[in-house]
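Survey of secondary and tertiary structure
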Amino acid sequence: MSEFVDSIMAQVKAKNPAEPEFHQAVQEVVESLELVIEKHPEYRAAKIVERIIEPERIIIFRVPWVDDQGDAHVNRGFRIEMNSAIGPYKGGLRFHPSVNLGILKFLAFEQVFKNSLTTLPMGGGKGGSDFDPKGKSDNEVMRFCQSFMTELQRHIGQFTDIPAGDIGVGGREVGFLFGQYKRIRNEFVGVLTGKGLNWGGSLIRPEATGYGAVYFAQEMLKARGESLEGKTCLVSGSGNVAQFTTEKLNRLGGRVVTLSDSSGYIYDEEGITPEKLAYVMDLKNVRRGRIKEYAEKYSNVQYTPVDPSLDYNPLWDHKADCAFPSATQNEINEKDAQNLLDNGVYVVSEGANMPTSPDGVELFLDRKILYGPGKAANAGGVAVSGLEMSQNSLRLSWTREEVDKRLQGIMASIHKAANEAAEKYGTPGNYVNGANIAGFIKVADAMLDQGVV
Ligand code: NDP
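Residues numbered from 1 in each chain as written. Predicted model: local features only at pLDDT ≥ 70, side-chain atom pairs only at ≥ 80, totals over all residues. Heavy atoms only, no water.

Here we look at the pattern of salt bridges
Put simply, the rule reads: What makes a salt bridge here is a side-chain nitrogen of Lys or Arg within 4 Å of a carboxyl oxygen of Asp or Glu, nothing more. Helix numbers and strand numbers start at the N terminus; a helix is a DSSP run of H or I with at least 4 residues, a strand a run of E with at least 2. Only protein chains enter the accessibility calculation, which uses a 1.4 Å probe; a residue whose area is less than 20% of its type maximum is buried, one above 50% is exposed, and one in between is partly exposed.
Applying the stated criterion across every chain yields a total of 29 salt bridges. The partner of glutamate 173 in a salt bridge is arginine 172, with the nearest N and O atoms 3.0 Å apart. We note a salt bridge from arginine 406 to glutamate 402, for which the minimum N-O separation is 2.8 Å. Separated by four residues within a single helix, arginine 406 and glutamate 402 lie in helix α16 (residues 400-424), roughly one turn from each other. According to the relative accessible area criterion, arginine 406 is partly exposed, its value standing at 35%. One network of salt bridges, in which partners are shared, links Glu28, Glu110 and Lys375.

Pasting the structure below:
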């Protein structure tokens, strides 16, 4: 490691102890930026990197709520307002028991670069709570969302900070959050994205992250004169991103053979057809059941429960061409990455945020496979959130075709920007460096223009 990376990482670790995911996200970006800093001493002089790793503001608050039995509970709520150099803070809310400050800071940090790549004017933020929606009734989820928004509404606004969904926050939660914001503030504005279609939402927003990850894979393949037609694909997760990744892969002639949740995964060699995917959508979005039920419903399907004694995830150990990790951070470790490569996988497009550990990423880069890191590959979600904001401001709704066309255009331009930056800074084909650098330069230049703030 160079003196520059060493000194930044020493500061990050000293100031933010016990936040390993934040350290991991910063380290990856700073290593890429070394190439830029050498050519641009003005960034170093203005301490752009030191400023970009420090959140502009962090809000932490108590979220008390009462369950259906009348018992009181207390969760912790967070909003990280990371960087507003190119637009208001924008980024999702995650409700999951694993949520803590370090995880949300890593997500907010990634979001800054991702949002910059989308070409839209959005700064970066992230938030959420350690609340677990699993097993809670609709009324409990509603009461929690109302309590969460009662505090959050003081800090957000359509021109300040516009949250969206993430793990555990889908259409149902966004509805409850929006309802409470509107009630307290007495204004009907686009303060959240991922809204319902008949109250300000955008067509294609639910589909956008999954579709976008597939479009990104398509762009990487196109650069090699190939397509997704006939490709066997491994998908993890079975939530929003996994579902629409599967839907788009089916439409483009791919065959998806796996899906998972935090209890285990299914392997269906015949492929998860549109009919089977409709079953998964009902199972997960309506009945809120477990993926295991898929193996009970269809024949010739293998279900493998999570085995905590294993040091690898067997989902990534099947013959395939492409992998779309769409569950959570660090779900592909070094051994998983090696298994993917040994099984013939040569396209990895990350729907999830930072799903591959650093040594796994290194293996992908060494082997020069088509590896699309999350901040580029999953930017479609926030891009369509940006389009939802535009439609709210214009007070009109674009058609499905119009939004999908714009999404495809944005994913193609993210691919182009990352590809060109990788090439310009001497690491052709390295989308990690390309995405980090292209995302950084736009934000850094805005920060230079706006002075030391
Ligand atoms: P959902 O809550 O809809 O689905 C998450 C899926 O991942 C579920 O199947 C869940 O299983 C599984 N999962 C979550 N945490 C874990 C874990 N610790 N171990 C194993 N499985 C887990 O979330 P999304 O689909 O929206 O998000 C998935 C990923 O995509 C996240 O990394 C998110 O940050 C990223 N992303 C999402 C965007 C969006 O627009 N929604 C935008 C950009 C990125 P279970 O139900 O059992 O918990």
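Here the narrative resumes.
Re the nonpolar core
The nonpolar side chains of a soluble globular protein tend to be buried, and buried together. Where we set the bar: We call a set of buried Ala, Val, Leu, Ile, Met, Phe, Trp, Tyr and Cys residues a nonpolar core when their side-chain atoms join them within 4.5 Å. For every domain, the bounds stem from an assignment made automatically or drawn from a database. By the convention used here, residues are in contact when the closest approach between their heavy atoms is within 4.5 Å.
With 51 residues, the main nonpolar core has Phe216, Leu249, Leu259, Tyr294, Phe324, Leu407 and Ile414 as its most contacted residues. By residue number, the principal contributor to this core is helix α8 (residues 208-222), which donates eight residues. When residues of this core are assigned to domains, at least three fall in each of domain 2 (55-189) and domain 3 (208-377). Residue contacts for phenylalanine 216: discarding those within four places in its chain leaves Ser349, Gly372, Ala376, Ala377, Met411, Ile414, His415 and Tyr431. Counting 41 residues, the second-largest nonpolar core is a separate cluster that includes Met9, Val29, Ile48 and Met447.

With respect to the sheet that holds strand β7 (residues 255-261)
Operational definition: Note on pairing: DSSP must find at least two bridges between two strands before they are called paired. Every axis corresponds to a line fitted to the C-alpha atoms, with the helix fit spanning only the stretch in contact, and the corresponding angles, defined between N-to-C directions, vary from 0 to 180 degrees.
Ordered by their spatial adjacency, seven strands build an open sheet running β9-β8-β7-β6-β10-β11-β12, and the pairing between neighbours is mixed. Looking at the sheet topology across the chains shown, the edges are occupied by β9 (301-305) and β12 (370-372). Taken over all neighbouring pairs, the strand axes of this sheet differ in orientation by 15 degrees on average, direction set aside. With three bridges joining them, strand β6 (residues 232-235) and β7 adopt parallel strand pairing.

Quick look at the packing of helix α1 (residues 3-15) against helix α2 (residues 20-39)
Operational definition: Orientation labels follow simple angle bins: below 35 degrees gives roughly parallel, above 145 gives roughly antiparallel, 65 to 115 gives roughly perpendicular, and whatever is left gives oblique. Crossing handedness is defined as follows: a turn of the near helix away from the far one that is anticlockwise and smaller than a right angle gives a left-handed crossing, while the clockwise case is right-handed. Note on residue categories: nonpolar means Ala, Val, Leu, Ile, Met, Phe, Trp, Tyr, Cys or Pro, charged means Asp, Glu, Lys or Arg, and polar means any other residue, Gly included.
At a minimum axis separation of 9 Å, α1 and α2 run at an interaxial angle of 155 degrees. Judged by the angle between their axes, α1 and α2 are roughly antiparallel. For α1 against α2, the interelement crossing comes out right-handed. Facing Phe4, Val5, Ile8, Met9, Val12 and Lys13 of α1, the residues of α2 in contact are Phe22, His23, Val26, Gln27, Val30, Glu31, Leu33, Glu34 and Ile37. Here the contact of α1 with α2 is built from residues that sort into 10 nonpolar, two polar and three charged.

Thoughts on the domain arrangement of the chain
Cut-off, in case you're wondering: What gets called buried area is simply the loss in accessible area from a 1.4 Å probe that two parts show on being joined, summed for both.
Partitioning the chain into domains gives domain 1 (1-53), domain 2 (55-189) and domain 3 (208-377). One C-alpha centre belongs to domain 1, the other to domain 2; they are set 27 Å apart. Domain 1 puts nine residues into the contact, and the matching count from domain 2 is 11 residues. Across the interface of domain 1 and domain 2, roughly 990 Å² is buried in total on both sides, 70% from carbon and sulfur atoms. If you sort the residues of domain 1 by the area they bury against domain 2, Glu21, Phe22 and Ile52 come out on top, with a joint share of 49%. For the pair domain 1 and domain 2, the interface holds one salt bridge. In this structure, the salt-bridge partner of lysine 105 is glutamate 19, at a minimum N-O distance of 2.7 Å.

A closer look at the environment of glutamate 54
Mapped onto the fold, glutamate 54 is located in the loop between α4 (48-52) and β1 (57-66). A relative accessible area of 36% places glutamate 54 in the partly exposed class. Taking the C-alpha atoms as reference points, glutamate 54 and lysine 15, separated by 39 residues in sequence, lie 9.7 Å from one another. Every residue in contact with glutamate 54, bar those within four places of it in the chain, is listed here: Lys15 and Met82.

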